[in-house]
Amino acid sequence: MSSDASTWIHQLAGRFIVFDGPDGSGKSTQFRRLVRLATDAGLEVCEVREPGGTYVGEQIRKVLLDPDHQEEVDVRCEMLLFMASRAQLVQQKLRPAIAAGKLILADRFISSTLAYQGSAGGLSTDDILSVGRFALNDVWPDLFIIFDVDEKTAAGRLNPLLDRIELKSAEFHRKVRQGYLDQAKADPKGYAVIDARPDENTVHNQMLETIRQRLTKG
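Worth saying up front: this structure is predicted, and the values here are computed from it rather than measured.

Cut-offs and rules
Residues numbered from 1 in each chain as written. Predicted model: local features only at pLDDT ≥ 70, side-chain atom pairs only at ≥ 80, totals over all residues. Heavy atoms only, no water. Helix = DSSP H or I, 4+ residues; strand = E, 2+ residues; numbered from the N terminus. Buried < 20%, exposed > 50% of the residue type's maximum accessible area, 1.4 Å probe, protein only. Contact = heavy atoms within 4.5 Å. Areas by Shrake-Rupley, 256 points an atom, 1.4 Å probe, with all protein chains shown as cover. Lys, Arg positive; Asp, Glu negative; His and termini not counted. Salt bridge = Lys/Arg side-chain N within 4 Å of Asp/Glu carboxyl O. Phe/Tyr/Trp six-rings, centres within 6.5 Å; stacked < 30°, edge-to-face > 60°. Pairing = 2+ DSSP bridges. Axes fitted to C-alpha atoms, helices over the stretch in contact; angles between N-to-C directions.

Q: Quick question: what am I supposed to make of the overall build of the protein chain here?
A: For the protein chain, the count of helices and strands is nine helices and five strands. Across the 218 residues that make up the protein chain, the buried fraction comes to 47%. Contacts in the protein chain between residues far apart in sequence, at least 24 positions, make up 81% of those at least 6 positions apart. When the accessible surface of the protein chain is summed, it comes to about 10,700 Å², and 50% of that surface belongs to carbon and sulfur atoms.

Q: Explain the side chain of Arg 61 to me, please; I cannot follow it from the model alone.
A: Within the element layout of this structure, Arg 61 appears in helix α3 (residues 55–65). Nearest to the buried, unbridged Arg 61 among oppositely charged side chains is Glu 58, at 4.5 Å. What Arg 61 contacts, discounting residues up to four positions off in sequence, is Arg 49, Glu 50 and Pro 51.

Q: I keep staring at the packing of aromatic side chains and nothing clicks. Help me out?
A: Note on aromatic pairs: each is described by the distance of the centres and the angle between the planes. For the coordinates displayed, the defined rule picks out seven aromatic pairs. Ring centres 6.1 Å apart and planes at 50 degrees place the aromatic pair Tyr 116 and Phe 172 in the tilted group. Remark: Phe 172 occurs in helix α8 (residues 170–186) and Tyr 116 occurs in helix α5 (residues 110–120); sequence separation between them is 56 residues. For the pair Tyr 116 and Phe 172, one class covers both residues: buried. Geometrically, the ring pair formed by Trp 140 and Phe 144 is edge-to-face, given 5.7 Å between the ring centres and 70 degrees between the ring planes.

Q: Can you walk me through α5 in this structure?
A: Note: α-helices contain 3.6 residues per turn, so residues at a spacing of three or four share the same orientation. Burial analysis of α5 places 10 of its 11 residues in the buried class, the great majority of the element. Of the positions making up α5, those classed as buried are Ile 110, Ser 111, Ser 112, Thr 113, Leu 114, Ala 115, Tyr 116, Gln 117, Gly 118 and Ala 120. Contact partners of the buried residues in α5: β1 (16–20), α4 (75–99), α6 (125–136), β4 (143–148), α8 and β5 (191–195). Gly 122, located one to two residues past α5, shows a positive phi value of around 100 degrees.

Q: So what exactly am I meant to see when it comes to the sheet that holds strand β2 (residues 45–49) here?
A: For sheets, the rule is that strands pair by backbone hydrogen bonds, running either parallel or antiparallel. The strand order across the open sheet formed by five strands is β2-β3-β1-β4-β5, and the pairing between neighbours is parallel. On the outer flanks of this sheet lie β2 and β5, each paired with one strand and no other. Across the sheet, the mean angle from the axis of one strand to that of its neighbour is 20 degrees, orientation sign disregarded. Here β2 pairs with strand β3 (residues 103–107) via five bridges, running parallel. Pairing of Val 48 across the sheet is with Ala 106, part of β3. Contacts between α8 and the sheet are confined to β1, β4 and β5, with β5 contributing the most and set at about 135 degrees to the helix.

Right, here's the structure in full:
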């Protein structure tokens, strides 16, 4: 653990942080690094991914990300399946973690739905948030961290075995990226955008400094 983080990371107990961004942004790598950092500092960490994180959610994930379903899932159905997985996650994992004062770290959350099914898929923000309020039942993150990356850099980082959503067009993914940036612009207090183009350690340090400034007193 870095000497700087060791002085404040314990203050993250009871916080809820979402890691999000376009496919290939490197968010999952930074997610794993923060999990290790917090765990090494003695924090109790609840780490979840979306869709998934529960038995029900993982079954939904198989349907949503299966490349064989590329043309079969209507965007409204897609949004509702994501929300169904999220509702189960909130009740089964997130509420107990909140009650226990754990640090909650989520790899994607409702911000993904707003970007993928909203900005890129054509559903309105109001419709998504209306369903989201019901699914989340008053559970909301303290901070959404958006790892922003250009299309060329993102493409070079993707696993060659692409899932159903990663296989969508370049134009779709451009809209996704802009969707994340629009969310951050509309809610600058709740969102932080990290330039994810540099090397892993540079991005990691940017992320830690952002979290320190936003969520701690030190």
